[in-house]
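# Secondary and tertiary structure notes
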Amino acid sequence: GTPARRSDRTVTLTIDGFEVTVPEGTSVMRAAAELGIEIPKLCATDSVEPIGSCRLCLVEIEGRRGTPASCTTPVAPGMKVHTQTPKIARMRRGVMELYISDHPLDCLTCSANGDCQLQDMAGAVGLRDVRYTPGANHFETRQNGEANPRYIEKDASNPYFTYDPAKCIACYRCVRACEEVQGTFALTVEGRGFEARISTGASDFLSSDCVSCGACVQACPTATLQEKSVIEMGTPDRAVVTTCAYCGVGCNFRAE
Ligand code: FES
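Residues numbered from 1 in each chain as written. Predicted model: local features only at pLDDT ≥ 70, side-chain atom pairs only at ≥ 80, totals over all residues. Heavy atoms only, no water.

Per an unreviewed UniProt entry, the chain goes by the name Formate dehydrogenase alpha subunit and belongs to Rhodovulum euryhalinum.

### Thoughts on unusual backbone geometry
What counts, and what does not: Numbering of helices and strands runs from the N terminus, with a helix taken as a DSSP run of H or I at least four residues long and a strand as a DSSP run of E at least two residues long. A simple rule labels every residue: compare its accessible area, found with a 1.4 Å probe on the protein chains alone, to the largest value its type can have, and call it buried under 20%, exposed over 50%, or partly exposed in between.
In the Ramachandran plot, aspartate 16 falls in the positive-phi region, its phi being about 50° despite a non-glycine side chain. Even without glycine at this site, arginine 55 takes up a positive phi of about 60°. Mapping arginine 55 onto the fold places it in the loop between helix H1 (28–34) and strand E3 (60–61). By relative accessible area, arginine 55 is classed as partly exposed at 36%.

### Quick notes on helix H2 (residues 86–101)
Going by this rule: Here, expected helix span is obtained from the residue count minus one, scaled by 1.5 Å. Contacts: residue pairs with any heavy atoms within 4.5 Å of one another.
With 16 residues, H2 should reach 22 Å at 1.5 Å per residue; the first-to-last C-alpha distance of 22 Å fits that figure. Here H2 has its buried residues at Ile88, Arg92, Val95, Met96, Glu97, Tyr99, Ile100 and Ser101. Here the buried face of H2 lies against E3 and helix H3 (117–124).

### So, the pattern of salt bridges
We count it as follows: Throughout this description, the term salt bridge denotes a Lys or Arg side-chain nitrogen within 4 Å of a carboxyl oxygen of Asp or Glu.
Under the definition given, this model contains 7 salt bridges. Lysine 167 is the partner of aspartate 106 in a salt bridge, and the nearest nitrogen-oxygen pair spans 3.1 Å. Placement of the pair is aspartate 106 in the loop between H2 and H3 and lysine 167 in the loop between strand E5 (161–163) and helix H4 (173–181), with a sequence separation of 61 residues. Here aspartate 106 falls in the partly exposed class, since its relative accessible area comes to 30%. Within this structure, Arg30, Glu34 and Asp46 form a network of salt bridges that share partners.

### Side note on the nonpolar core
Put simply, the rule is: As used here, the term nonpolar core means buried Ala, Val, Leu, Ile, Met, Phe, Trp, Tyr and Cys residues forming a set that is joined through side-chain atoms within 4.5 Å.
Residues Leu13, Ile15, Ala31, Val75 and Val81 are the most contacted members of the largest nonpolar core, which totals 20 residues. When residues of this core are traced back to their parent elements, those giving at least two are strand E1 (10–15), strand E2 (18–23) and H1. Looking at this core element by element, the count peaks at 4 residues for H1. The contacts of leucine 13, once residues within four sequence positions are left out, are Phe18, Glu19, Val20, Val22, Ala31, Val75, Ala76, Gly78, Met79 and Val81.

Here it is as structure tokens:
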């Protein structure tokens, strides 16, 4: 998914040498998608407002300094965007390296294996090496055997899904889905850096304001919020994914 367009007036620009005309207010990322150019991303989706937090969708724009996030940069007339320069490739690998250095590397046994956007993006940016020491958040004990004060146990209190803080990349997709898709404000992000993770503000999901609509689970790019049925039975064809506690009809809602 990519952030949606907003206007009837159009703007013409070039992206990687190809000309494209899109409604004014369209993001560079969305305009690139019109050309079939998929810019790597982790925090942007079709269904929530872009916030430019993951820094994976960086591009270069001729005449502009820096490397803006394409998901939050609107198109401008005559803009010349480059999505695949060596500099951008290096920066994206650097960003992915940081994400992976703080992520449990249990991909083969992870319930999101094959359906994980972190995994997809590591492949998409050509990540081959992680130079940093892995973050310590996801181990119950430290290397010296002492208890890890940063460790937070998996929360399985909700009947439909689990929450595994160790796999959270703090992309805010669940927080935004909760607010913008569901209109509930059950989630926030607490902590900074390695300790940033989503929080319900309550002791667990079951005792929080969460209404079990599933919007956050669908928005999650990793196995942080994972349907229990997926954990037990593997990834289904995902046609009916609602876990809405209100009707249970199965409305085919998908956040992505
Ligand atoms: Fe643009 Fe994350 S997708 S910053």
